[in-house]
Amino acid sequence: MKSILYLSSFLACLPLSHAQTTRLSTDFTASDIEKSVTWNFDSPTTPETPSSNDTGLTIGNFTFTAPAGADFITVLPDASGDGTTGTLGSNTRAAVASRNDSDIATNGAQAMSFNLTIGSAQSFDFNSLSFEHGFNERGNNSLTPVFTLTIHDGISELYRTSGNLPQHNSGTDLFYSQDVTLDLSSETNLQNISNKTLTVKWEFSNLEGRSNSIAQRAHTIDDLTLKGKTSTLSTPQIHLFTADDTLIDPGQTVALSWNVSDADQLTINPGNIDVTSDPDQQIEFVINESTTYTLTATNADGSSSAELPVYLNPTVPNVLLVLVDDMGTEDTSVDFNYDSAGNKVDRVDPTSVGLAAFATDNRHFRTPNMETLAAQGMKFSRAYACQVCSPTRVSLLTGQNSARHGTIQYIGGGGNLHNLKAPQNPGLKDANLTLAEIMRDAGYRTIISGKGHIGNVFNSNANNYSSPANPADDYYGFQVNVSASNKGSHGSCYSNASNAFGLPASGTTASLVAEYQDKTYNQIDPENYPANHPQANEPIFVTEAITRELNERIEDSVNQGKPFFAYLSQFAVHDPHQPDPRFTANYPNLSGDVLDFATMVEGIDQSLGDVITKLEELEVAENTLVIFLGDNGSDSKPRGPNNPSTLTMTNPLRGEKGMRYEGGIRVPLIISWAKTNATNPHQQSLPILIGGRENDIVSVEDLFPTILATCGIPLPTTDDNQAPLIIDGTDLSPYLRGQPGSHRPQKLITHAPCSSRSSFFTTYHQDNWKLIYNYTTSSPVTSTNVPLGTYELYDLANDIHEANNLAATQPEVVMNMARAMARELERLGAPYPILKAYDADLDALGLPSAANDTHPVILPPAASVDSDNDGLSDNAEDPNRNGLVDPGETDPLNEDSDHDATPDGVEEKIGTSPLDASSSFQINSQHLQDGSLLLSWPSSPGNTFSVQTSSDLTDWTAAPLSTITAPSNQSFTQIQLSPPITPTQFFRIELLNNNL
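None of the values given here were measured: they were computed from a predicted structure.

Our next topic: the nonpolar core. Within the largest apolar cluster, 58 residues are counted, with the highest numbers of intra-cluster contacts made by Ile 554, Leu 615 and Phe 628. With 10 residues, the top contributor of residues to this core is helix α9 (residues 592–617). Once residues within four sequence positions are removed from consideration, Leu 615 is found in contact with Leu 320, Ile 554, Phe 564, Val 620, Ala 621, Thr 624 and Ala 674. Of all hydrophobic cores here, the second largest spans 47 residues; its members include Leu 323, Leu 629, Leu 686 and Leu 732.

This brings us to the pairing of strand β37 (residues 781–785). Across two bridges, the pairing between strand β36 (residues 777–778) and β37 is antiparallel. By the bridge assignment, Thr 777 is partnered in β37 with Asn 785. Where β36 hands over to β37, the hairpin turn is made up of two residues, counted between the paired strands.

Another aspect to go through is the sheet that holds strand β35 (residues 769–774). Taken together, the four strands give an open sheet; going across it, the order is β33-β34-β35-β38, and neighbouring strands pair in antiparallel fashion. Every interior strand has two partners, whereas the edge strands, β33 (747–752) and β38 (790–795), have only one. For this sheet the average axis-to-axis angle between neighbouring strands, irrespective of direction, equals 10°. The sheet strands contacting helix α14 (residues 811–828) are β33, β34 (761–766), β35 and β38, and the helix crosses β34 at an angle near 110°.

Within the open sheet, the three strands sit side by side as β24-β25-β39. Their pairing is antiparallel. In this open sheet, the two edge strands, each paired with only one partner strand, are β24 (416–417) and β39 (834–835).

On to the confidence of the model for the protein, then. Residue-level pLDDT values for the protein average 86, and 86% of them are 70 or greater. Note that residues 66–99 has pLDDT below 50 and, in this model, 127 contacts with residues that lie over four places away or in other chains.

Secondary-structure assignment places Ser 36 in strand β3 (residues 34–39). With near-sequence residues (within four places) excluded, Ser 36 lies in contact with Ser 52, Asn 53, Asp 54, Thr 55, Thr 225, Leu 226 and Lys 227.

Below, the discussion takes up the packing of aromatic side chains. The full count for this structure, using the stated rule, is 16 aromatic pairs. With 4.8 Å between their ring centres and 80° between their planes, Tyr 475 and Tyr 476 make a pair best called edge-to-face. The exposure classification of Tyr 475 matches that of Tyr 476, with both residues buried. Following the ring pairs from residue to residue traces out a cluster consisting of Phe 114, Phe 131, Phe 147 and Trp 202. Positioned above the aromatic ring of Tyr 661, the side-chain terminus of Arg 654 is 4.0 Å from the ring centre. The ring of Trp 956 is capped by Arg 988, whose NZ or CZ atom sits 4.6 Å from the centre of that ring.

Checked against the element boundaries, Thr 332 lands in the loop between β22 (318–324) and α2 (368–376). For Thr 332, a relative accessible area of 9% puts it in the buried group. Here the side chain of Thr 332 touches Val 334 through a polar contact of 3.0 Å, landing on its backbone nitrogen. Engagement of the side chain of Thr 332 in a polar contact is seen with the side chain of Thr 367, the distance being 2.8 Å. Beyond its immediate chain neighbours, meaning those up to four positions away, Thr 332 contacts Met 327, Phe 365, Thr 367 and Met 370.

Analysis parameters
- Counting of residues starts from 1 at the beginning of each chain's written sequence and follows it residue by residue.
- With pLDDT at 70 or above as the cut-off, local features in this predicted model cover only qualifying residues; side-chain atom pairs require 80 or more to be listed or tallied, and sums for whole chains, interfaces and linings still use all residues.
- Processing note: side-chain calculations cover all non-hydrogen atoms of the structure and skip hydrogens and water entirely.
- Residues belong to one nonpolar core when they are buried, are Ala, Val, Leu, Ile, Met, Phe, Trp, Tyr or Cys, and are joined through side-chain atoms within 4.5 Å.
- Summary of the burial criterion: residues with accessible area below 20% of their type's maximum are buried, those above 50% are exposed, and those between are partly exposed, where the area comes from a 1.4 Å probe applied to protein chains only.
- Counting from the N terminus, the helices are the DSSP runs of H or I reaching at least four residues and the strands are the DSSP runs of E reaching at least two.
- Note on contacts: a residue pair qualifies if any of its non-hydrogen atoms lie within 4.5 Å across the two residues.
- Should DSSP find at least two bridges between two strands, the strands are regarded as paired.
- In this description, a line fitted to the C-alpha atoms serves as the axis of each element, helices being fitted only across the stretch in contact, and the angle between N-to-C directions of two axes falls anywhere from 0 to 180 degrees.
- A residue's pLDDT is simply how confident the predictor is in it, with values from 0 to 100.
- Each Phe, Tyr or Trp ring (for Trp, its six-membered ring) is paired with any other whose centre lies within 6.5 Å, and the angle between the two planes then decides the class: stacked below 30 degrees, edge-to-face above 60, tilted in between.
- We call a charge positioned above a ring when the Lys NZ or Arg CZ atom is no farther than 6 Å from the ring centre and deviates by at most 35 degrees from the ring normal.
- Here a polar contact means two N or O atoms within 3.5 Å. Within protein one must be a hydrogen donor candidate and the other an acceptor candidate, and residues neighboring in sequence count only if both atoms are side-chain atoms.

As C-alpha cells, this is what we get:
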C-alpha cells in the first residue's frame, strides 16, 4: 500500500487562506557523488522523514498552500491499486482544489513547495526531480489537470516548467495519476549553486477554467525524489576582522587587523587596497566620516567577505525622555509643592482648610534616583500636563496644546453627561509632524519603549522591535518600537500573565512577549539574580522588561555612532496596581493598594537609575539630557469622589487623575544632564542650574521646542501635509540656565470637553489665579444639571488646596478670565462639547441650540461688571455671553469700539452707533419764520440733557437755557428757543445722567 499526500479541509482548525507547514528537516554527510532525497509521505500526523537522506543539504519548510480551497493540511492514505487508476476512499476529501485563472488571480494559486538550503561551503548540481502528479476527479467534467513547477532563489527564478494529466471524461469518479521525471542536469542555472536557499514550488490549475470545491477535485503529489551532486568547497575563511576602536572623533586614526586562512588574495574597500602581502596583517586609516570597511578574501573555490563599520562620535547631545503614567507630584520623595514665599507645602489635615477629613497618609515614597536627578538639575513646581494620558502624549510629540490638536481624552474615551457628549477624539493624525519624526530626520536614532496610546489606529507596519525601521514603516517617527501600540494599559505587570504583561502577541509587542513570556529574573539575569536571590524565581515585572530593552537599544545606537532620542514611556503606575516584588520589603507598614502603588513607584525610580547607570557605562551620560515627568495627576488609592470635597492621596493638592483640580493636572518635572560636567561642550551650551527650582507655569507642550533647541534643530514651520504649523510650546532653556524673570506667558488652558471623572470642564491659569468652567454642572455636585455651566475661582498663591472658591466674591476676575478662556479656545480652534438634544438655555442667548450643535464657554451673568468702564456692562456688550466679539456686538475690553473718541456707553445713551465711526453726536439748527431757533440732536429715551449757551465759546457759566428729557417715542430730542437771539450765540448740549 502506497501513500499519497493530500491537503484536506478542516474549517474549524485555521482561518481561511492560512498556510500550514509540515517541516522536513535533515542534514547529511556531504560528498561529490550523486545522492538523493525522497519523500513517500507515509505518516498522516508527523513531519515526514526522507527515506533517502544522503545529499548533505538541509531540506525544510515543505508547505502546502490552498488559499481558496482548503484550510488545513494532512497526509491521508492512498487509494488502492498501483496509483494509475482507482477511486479514493469515502473518508477522504480533495486537497488542492482545481481552480480557474480568475480564482487564482483573486485568491492565489493552489501550491506546494519546499526549501533547499545549500551552505556557503557547499556546491550543488541538480540532476533530476521526479514525482507522481495525481488528480481526484468526481464525475465527468472533462478537465485537464495542470501543474507549474518553479525553482526560485529568493531573488530570481532559476527554472520553470509545466505539465498536465490527460483530460478525463469517463463519466465516473476516478483517481488517476502520472509519473513525471524532470532532467535538470543541463539547466545551467541549476548547477554550481552555493550559499543559497532555493524554493521548489508546484502550482495547480486546469485548462478548462473550471472551479469546484475541494470535495470534488484535488491535485496530489507523491513519491518525490530529488537527485544531485554535492561538493565541498574550500573557500577562504575569515577568522577575524576587527579595529582597535570603532567609535572615534573626526581626524583620529583607526587600525584594522585580520586573520584569514586559505586565501590567495586579500583586498580592503573602500579603495580596493590589496593587503595580500601585508606582513603585519594590519593597516591604519585616518577617519573623517563614518565608514564601513569590507575585507574580501579570494581563492580558486570562491571568496568570502566581512564588513567592519567604524563610526564617528555624535556631535549633538542625546535625549532621554522618561514619561511616567499616572504619577502626581506627591508620588515621590522629591518636593514639588511650594507657597508664594518659596516654602515647601507639606501634607495638611483637610479639616484645617475647611474640607472633609481624609486619614490615609501619602508620605512613604522612596525615589532616591529622582532625588539625585533633581539635585543636579532643575525641578519645576508648577508643571502641568493634561488631565489624562493620551492628550499629554500627543502634546508632548506635537508641541501643541490639546485644544489645538484635538485629542482631549484617552484614546478610545469620550463619554457624556446630562445633555452633553464629547467631540471626536482623533489621536495623532496623518498631518501631525511628531517630535520623533523631526529627530529622526535630523539623524537621531529614535526609540520608544513602553506605552504608546497616541493613535486610534495601531500602525501594524511598525514591527521594529530591535532593528530601525524605514520612515514609511516606523511608529509615528520612532524607528525602534519595543512595545508601543494603541493600548492604554498593560493588563498585568507580570511576565507570566497571558500574554506577558497583558500585551497582545501581535504587531510590535510580539517580540517583547516572546522574549519575556513566563521568564523569571534568574532566567533573564542569572548574574544579578542567582538561584538564592529572594526574587530569583519571581516573574519579570513590566517596568524591568521595558527598561532592559531600552538599555539594549541605547547601547546599539551608541555602538553605531548614532545620537539617540530615547522615550521610556512607562506603563506604571497605571492600573492594575500590583506589587513589584523587588521592593515590598521596603514598606513593612503598608498593605493593599497603598503598598502596591509604593513598590511600583520605587520600580519607576529604579528604572531611571538603571538607565542612567547604563549611560555612564557607555560613557555618554555627560552628553545626555534627561527629562522626567508624569503624564497626568496621581491615580494613587484610596481615591476620593469624582468631585472631591477633601484632600486625598494628592494632599496638599486637591483632586486626582482626570479631575480639574491641581492634583489632576500638576505633575513632577525634572530636567538635568545625566551626569554633570561643566567642561562638556553640550553642557556649556546649556548649563542647567544645579539644584534649581522654577515656580513659573510651564507645560508639557514646552518640552517639544526645548528638546529641539537643545539639539540645535530649528522649529518646523509646516506639518506633514505641508500646511503652516503652529507650535504652542515655549523653549524652557532660559529657565534651565537660571535666567531671572518669566520666559513664557504665565497662562495655560487645559481643555477637557469630555467625561473626565464625570465632568466636562476647561481650566485657565493666569499667574496665580485659576479659573474652572464646568460646562453643565454645579461643582462639586455633578448630579446637578446647570445647562449654562458654573465657575470656580482659586488664588493658588494663598490657597494651593483649592479649598476657597472665590467666584462669588471676585466677579470681575471671573468675567475677565472667562473671556480670556473663551478667546484662547477660539484661537486654538478647540473642539467643544456636543449637544445631545435641544438646549433652551442656549437658545435664549441666541446661540446654536439644536442637537449636535456645540456648547461653547458661557460667561457668567454679572450685571455689575463693566471691564472697560464705558458705561455698558460686559453682559450688555456680549449679550450671547460667549466671550467673543460677534457681529453687532461691542468689545467689553474696549471702551470705544469704533474709535470715534466717544465711549460705547455714551453712544448708546445719545443714540449714535458705537460700531460706526461716522455715526456721531451733532446738533442740527433751524431758523423758524417767527424768528425762533429749533435745535435737535440724537438721543435715547429717558436721557436728560442740559441746553447751554455762550457768546464766545469760552464762558459757559450762564444758567442753562433749559433742562429737557428725551422723549420715549422718538430717536431725537428737540427744543425751540424763542427770540430775541443775539447776533452771535453758541449752543452746547450736555448729557446730564451720564454715569461714566
